[in-house]
Amino acid sequence: MKLKKLYLGTNTKMYKTIADTRTFLTELDRHTKDIGRENLELFVLPSFTTLQEAKKCVASGRIRLGAQNMGWEEEGQFSGEISPLMLKEVGAEIVMIGHSERRHVLGETDDMENRKVLCALLHGFTPLLCIGETRKEKETGISDEILRSQLKLGLRGVSGEKSKRLWIAYEPVWAIGVDGVPASKEYAQEKHGVIRACLTELFGKENGDRIPILYGGSVNPDNAPELIRMKNIDGLFIGRSAWEASRFDSMIRSVLPIWEKKQ
Ligand code: 13P
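(A) Main features of the packing of aromatic side chains. Counted by the stated rule, this structure contains seven aromatic pairs. Ring geometry for Tyr7 and Trp167: centres 5.0 Å apart, planes at 75 degrees, overall edge-to-face. One end of the pair, Tyr7, is in strand β1 (residues 6-11); the other, Trp167, is in strand β6 (residues 167-170), with 160 residues separating them in the sequence. Each member of the pair, Tyr7 as well as Trp167, is classed as buried. Ring centres 5.5 Å apart and planes at 75 degrees place the aromatic pair Trp174 and Tyr187 in the edge-to-face group. One end of the pair, Trp174, is in the loop between β6 and α8 (185-210); the other, Tyr187, is in helix α8, and 13 residues separate them in sequence. Classification of Tyr187 as buried rests on a relative accessible area of 17%. Over the ring of Phe125 we find Lys88; its NZ or CZ atom is 5.3 Å from the centre of that ring.

Right, here's the structure in full:
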């Protein structure tokens, strides 16, 4: 299988004000502008309130922007939600759906993620669906079942044609954040294989093989190269280790040649 690009991105979670985001994106663009984009898809998902200003910082198109969540209707009585039309207005192209913090802290369900995926596709966004098992599910030996059900329920009703725009992030809940333990490269490789098999089951070999699968959960400068060396890992979705532009730039430069060698 050959995916055309290496996918590297960060979700800034509920961090970074407008000023912080402006500084981060301007610096990230300055650091990375000499890196050719023929093999690299670089993206940042900042908070809603920063998106309009963020768009001005990435006018060159070298860094793609997206949102960390989205409601599933264009408008309506959904206090606190954000509509696809509003996200379009401020230039978001990618929408992250089903991050573990949305599922496990804020109580979102597979059914809600599914409505968001369908709505994002309808409105021309690239949905980045996040899936991953909890520690308890891992210890119970049901990780594969959980991943498969999150995919099958979350992607219910997505056509083969629309699947071409999907991205998937495998983020084991136990690996994310300050208390997280990163997955070993072998474990991540194996679970990416389970995800790939499910995607080809859902969308056929050609379409299923085309969907990028990114690993996320305590990715750092030490483990990034070994994760990218693994055959089934198409990219990295990074939190804390990417929030300082020069550090993120170093990680990009360390993994890109490894990914190129793997092709
Ligand atoms: P960390 O890299 O900080 O563990 O966060 C990963 C993540 O949640 C990306 O969405």
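(B) Layout of the layout of surface pockets. Empty space within the largest pocket amounts to approximately 480 Å³. Taken together, 18 residues line the largest pocket, and the ones lying closest to its centre are Lys13, Met14, Gln68, Arg102 and Leu106.

(C) Region of the structure containing helix α7 (residues 143-154). Taking 1.5 Å of rise per residue, 12 residues should cover 16 Å, and α7 covers 16 Å from first to last C-alpha, within 8% of that figure. Of all the positions in α7, only Ser143, Ile146, Leu147, Gln150, Leu151 and Gly154 are classed as buried. Each buried residue of α7 lies within a common arc of 125 degrees when the element is viewed along its axis, so the set occupies one face. Each element contacted by the buried residues of α7 is listed here: α4 (100-104), α5 (110-122), β5 (126-131), α6 (135-139), β6 and α8.

(D) Seen up close, the packing of α5 against α7. It is the contact of α5 with α7, at a shortest axis distance of 8 Å, that shows an interaxial angle of 45 degrees. The orientation of α5 with respect to α7, classified from their angle, is oblique. Note on element contacts: α7 touches α5 through Gln150, Leu153 and Gly154, opposite Asp110, Glu113, Asn114 and Val117. Each residue belonging to the contact of α5 with α7 can be placed in one class, and the counts come to two nonpolar, three polar and two charged.

(E) Quick peek at the sheet that holds β6. An order of β1-β2-β3-β4-β5-β6-β7-β8 is seen for the eight strands of this closed barrel, with the pairing classed as parallel. This sheet shows a mean twist of 25 degrees between the axes of neighbouring strands, independent of strand direction. Sheet analysis places β1 next to strand β2 (residues 40-45), joined by six bridges and oriented parallel. Each bridged residue has a counterpart across the sheet, and for Leu8 the counterpart in β2 is Leu42. Set on the sheet, α5 makes contact with β4 (94-97) and β5; between it and β5 the angle comes to about 160 degrees. Across the sheet, α8 touches β5, β6 and β7 (213-216), and the angle it forms with β7 is around 145 degrees.

Each value, and the rule that gives it
- Residues numbered from 1 in each chain as written.
- Predicted model: local features only at pLDDT ≥ 70, side-chain atom pairs only at ≥ 80, totals over all residues.
- Heavy atoms only, no water.
- Phe/Tyr/Trp six-rings, centres within 6.5 Å; stacked < 30°, edge-to-face > 60°.
- Helix = DSSP H or I, 4+ residues; strand = E, 2+ residues; numbered from the N terminus.
- Buried < 20%, exposed > 50% of the residue type's maximum accessible area, 1.4 Å probe, protein only.
- Lys NZ or Arg CZ within 6 Å of the ring centre and 35° of its normal.
- 1 Å grid on protein atoms, 1.4 Å probe; cavity = no way out; pocket = protein on both sides within 12 Å on 5 of 7 lines; lining within 4 Å.
- Points joined across faces, edges and corners; volume = space filled by probe spheres on them.
- Expected span 1.5 Å × (residues − 1).
- Arc of directions from axis to C-beta.
- Contact = heavy atoms within 4.5 Å.
- Axes fitted to C-alpha atoms, helices over the stretch in contact; angles between N-to-C directions.
- Parallel < 35°, antiparallel > 145°, perpendicular 65-115°, else oblique.
- Nonpolar A, V, L, I, M, F, W, Y, C, P; charged D, E, K, R; others polar.
- Pairing = 2+ DSSP bridges.

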